[in-house]
Amino acid sequence: MTEATWGESVKTPEINWRMSASLENVPRGDSDVAEVTNLERAVRDWQKLDPEHQAAAVLTVEHPVQIEGASSTTFAGEGIAALADHLPASSPTEE
């Protein structure tokens, strides 16, 4: 018999911050080329954008991520902000 676990951790299980992610609709030089990186770097880069570009950005991940019970592979605006709320503490070498 398998034991079920209920609680807050079920709503937002551990996120694999190293999975591949693409941040699109973000200006890079003279164009809006998508950047493929890991999820943590993409969300941190999104946080550095001005509000207009944050609203326009689209983040696509390699595997579904579950936040507050909802699972998705594509995030925009408020969805990326929700991911940012779960970022791990950054190390001094990342700054």
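As a reminder, the structure under discussion sits directly above these lines.
Small disclaimer: the values here were computed from a predicted structure and weren't measured. (Residues numbered from 1 in each chain as written. Predicted model: local features only at pLDDT ≥ 70, side-chain atom pairs only at ≥ 80, totals over all residues. Heavy atoms only, no water.)

J.: Residues and numbers for the sheet that holds strand 2 (residues 35-38), please.
T.: As summarised here, the arrangement of the four strands in space is 2-1-3-4, forming an open sheet in which the pairing is antiparallel. Edge positions in the sheet fall to strand 2 and strand 4 (70-76), since each has one partner strand and no second. Averaged over all pairs of adjacent strands, the angle between their axes in this sheet comes to 35°, without regard to strand direction. Note: strand 3 (residues 58-67) against strand 4, six bridges, orientation antiparallel. Note that in strand 4 the partner of threonine 60 across the bridge is threonine 74. Across the sheet, helix 2 (residues 39-47) lies against strand 1 (20-24), strand 2 and strand 3, angled at about 120° from strand 2, the strand it touches most. (Pairing = 2+ DSSP bridges. Helix = DSSP H or I, 4+ residues; strand = E, 2+ residues; numbered from the N terminus. Axes fitted to C-alpha atoms, helices over the stretch in contact; angles between N-to-C directions. Contact = heavy atoms within 4.5 Å.)

J.: Explain the side chain of aspartate 45 residue by residue, including any values.
T.: Mapping aspartate 45 onto the fold places it in helix 2. Under the relative-accessibility criterion, aspartate 45 is labelled buried at 19%. Those residues in contact with aspartate 45 that sit more than four places away from it in its chain are Leu23 and Glu35. (Buried < 20%, exposed > 50% of the residue type's maximum accessible area, 1.4 Å probe, protein only.)

J.: Got a sec to walk through helix 2? Specific residues and values, please.
T.: In terms of burial, helix 2 is a largely internal element, seven of the nine residues being buried. Restricting attention to buried positions, one finds in helix 2 the residues Leu39, Glu40, Ala42, Val43, Arg44, Asp45 and Trp46. Taken together, the buried residues of helix 2 touch strand 1, strand 2, helix 3 (51-56), strand 3 and helix 4 (78-84). At the N-terminal end of helix 2, a side-chain oxygen is found 3.1 Å from the backbone nitrogen of glutamate 40, two or three residues along, and the residue is asparagine 38. (Polar contact = N/O pair within 3.5 Å; in protein donor to acceptor, adjacent residues only side chain to side chain.)

J.: Could you give an account of unusual backbone geometry, with specific residues and numbers?
T.: With phi around 60°, asparagine 25 is a residue other than glycine that occupies positive phi space. Summarising the element assignment, asparagine 25 is placed in the loop between strand 1 and strand 2. Located in the positive-phi region is glutamate 68, a residue other than glycine, with phi close to 50°. Take glutamate 68: it is sitting in the loop between strand 3 and strand 4. Residue glutamate 68 is classed as exposed on the basis of its relative accessible area, which comes to 52%.

So yeah, pure geometry; function would need other evidence.
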